[in-house]
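Residue-level listing of the chains:
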Amino acid sequence: MLSHADNEMLTRIGSGTPMGAVIRKYWIPALTSDEVPEKGGDPVRVRLLGESLIAFRDSSGEVGLVGEHCSHRGASLYFARNQDCSLQCVYHGWRFDKNGKCLETPNELPESTLKHRASIAAYPCVERNGVIWTYMGGGTELPALPDIEWNLVPANHVHISKRVQECNWAQTLEGGIDSSHGSFLHALNEASDYSGGHRRGWGYLLKDRHPRFEVEDTSYGVLLGVRRNAEDDSYYWRITQFLMPFYTMIPPYGPNPSIHGHAFVPMDDHTTLVWTVTWHPNRPLTKAESGDGGAYEKLGGGVHLTARDLLPKTNAPAGAWYPRANKSNDYMIDRSAQRTTRFSGVPGIAAQDAAVQESMGPIYDRANEHLGAADAGIARVRRRFLQAARELTEHGSKPVGVHDGSVYQVRSAAVVLPRDANWVAAASDWLNIKPGVHMDAA
Ligand code: FES
Ligand SMILES: [Fe+2]
């Protein structure tokens, strides 16, 4: 549990809040390049860390991310004309470049100097392998881009989907590091449904539903080891990373596996844009891995939402990423499936997570919790966040990973190890990236 004050500190990320300051120290994935595909194309609404923003690719091809409202009298620059390396407000024609500089105030007299005092907020952006990263921390010193593997592999080795979840980012993130819920929320009712081949790990998962948890602080965040009984002399370890400020990696299954990860990006205190990423270090993804859900048919869908799982696109922030299964229809829970096939009855891994995490309310009051041993990872990650916020506020200390992008060069793992092995050392070939090497998972 957390005190009310700590709960507030953990969850609030608006401008001027302690946790908002921590997250603003990092580059943040704002959108994908294909959301602003053309030079001089349509501006796009973005909501990030409680701020309403407009993204656009200017006529020179550079991406800008600026405050939504024109500094003249506040009209939305969503309606602006994107031309001449600037957004031109359609109300009175004021023009702003991607750095937020006001270039022109054409309804004023020619001798007016108003434009020199009329800049708008603007955040630097860089594009890398199809992702537009932004830095909202201010100042002149930029952090290092995280060398996270899914943003370094060729385009056909990675698939990114997104979904809006209508609850606080920390609640969503805590679902991502909550290693015991997979045996329940995402389970089928019969262990036999997982038998054979690459489903061996699932079998262990279902047979041992009260795993042991170990957590280690690392240079990027927290390493979480979850141990289940495998055979008489071995344990099945599922090892996952939490990487500051909001990334997780899901342990894989089977030989030569692709890996799933998440970024839980706060849109505002009550809304999270969940980026789901699947990647393979060395080969293109198959169609199933790119989200057609085939491998997860019995669960009603996988981690990625596809076009059929999403509501029709709107021009609201993240308006392409609202799930069809949502609070208004009880996430399409199927009570008959709950009795027979799927533990939760909710179709699909993504909707299962959304159902339980949104059901906790927009910001759960953690003073009401009863944490157990299975929540050790969650408790540790919270502690890291609260420490980071206090150290930044009180001493100006930057949180981990801000200066060194190479600490993100890690992968999750699922391995069977001898019972007497030290899990961190014994799994290091799986956990630490070596170029060209990719290990099988159990
Ligand atoms: S409100 Fe934008 S130019 Fe007047
Ligand atoms: Fe989940």
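Quick caveat: nothing in here was measured; it's all calculated off a predicted structure.

Student: Break down the domain arrangement of the protein for me, citing the residues and quoting the values.
Tutor: For the protein, the assigned domains read domain 1 (27-135) and domain 2 (149-431). Between the C-alpha centres of domain 1 and domain 2 the distance comes to 34 Å. In this complex, domain 1 contributes 13 residues to the contact, which on the side of domain 2 involves 16 residues. Elements that contribute at least two residues to the side of domain 1 that touches domain 2 include exactly strand E1 (27-32) and strand E2 (44-48). In terms of residue count, E2 provides more of the side of domain 1 that touches domain 2 than any other element does, 4 residues in total. Taken together, the residues of the side of domain 1 that touches domain 2 sort by class into 6 nonpolar, 4 polar and 3 charged.

Student: I'd like a description of the pairing of strand E11 (residues 131-135), backed by residues and values.
Tutor: Taken across its 5 residues, E11 has 5 buried, putting it largely inside the fold. In E11, alternate side chains face the same way, and those of Val131, Trp133 and Tyr135 on one face and Ile132 and Thr134 on the other are all buried. As defined by bridge partners, E1 adjoins E11 across 5 bridges and the pair is classed as antiparallel. Note that in E11 the partner of Ile28 across the bridge is Thr134. With 4 bridges connecting them, strand E10 (residues 125-128) and E11 associate as antiparallel partners.

Student: Before we move on, can you summarise helix H8 (residues 376-395) with the specific residues and values?
Tutor: With 20 residues, H8 extends 28 Å between its outermost C-alpha atoms, agreeing within 8% with the 28 Å of an ideal straight helix rising 1.5 Å per residue. When we look at burial in H8, the residues that qualify are Gly377, Ile378, Arg380, Val381, Arg382, Phe385, Ala388 and Ala389. Once H8 ends, the next one or two residues include Gly396, with phi positive near 70 degrees.

Criteria and thresholds
Every chain begins its residue count from 1, and numbering advances along the sequence as written. The lettering of chains begins at A and the numbering of ligands begins at 1, in the order of writing. Per-residue local features are limited, in this predicted model, to residues with pLDDT of at least 70; the limit for side-chain atom pairs, both in listing and counting, is 80 or more; totals at the level of whole chains, interfaces and linings are taken over all residues. What fixes the domain bounds is an automatic or database domain assignment. Here the contact rule is simple: place C-beta atoms from the backbone, and any two residues whose C-beta atoms are within 7 Å are in contact. Every helix listed is a DSSP run of H or I at least four residues long, and every strand listed is a run of E at least two residues long, numbered separately from the N terminus. Under the convention adopted here, Pro, Cys and the residues Ala, Val, Leu, Ile, Met, Phe, Trp and Tyr are nonpolar, Asp, Glu, Lys and Arg are charged, and Gly plus all remaining residues are polar. Partly exposed residues are those whose C-beta has more than 12 but fewer than 20 other C-beta atoms within 10 Å; with 20 or more the residue is buried, with 12 or fewer it is exposed, and the C-beta atoms are placed from the backbone. Only when DSSP finds a minimum of two bridges between them are two strands counted as paired. The span one expects for a helix is its residue count, reduced by one, times 1.5 Å.

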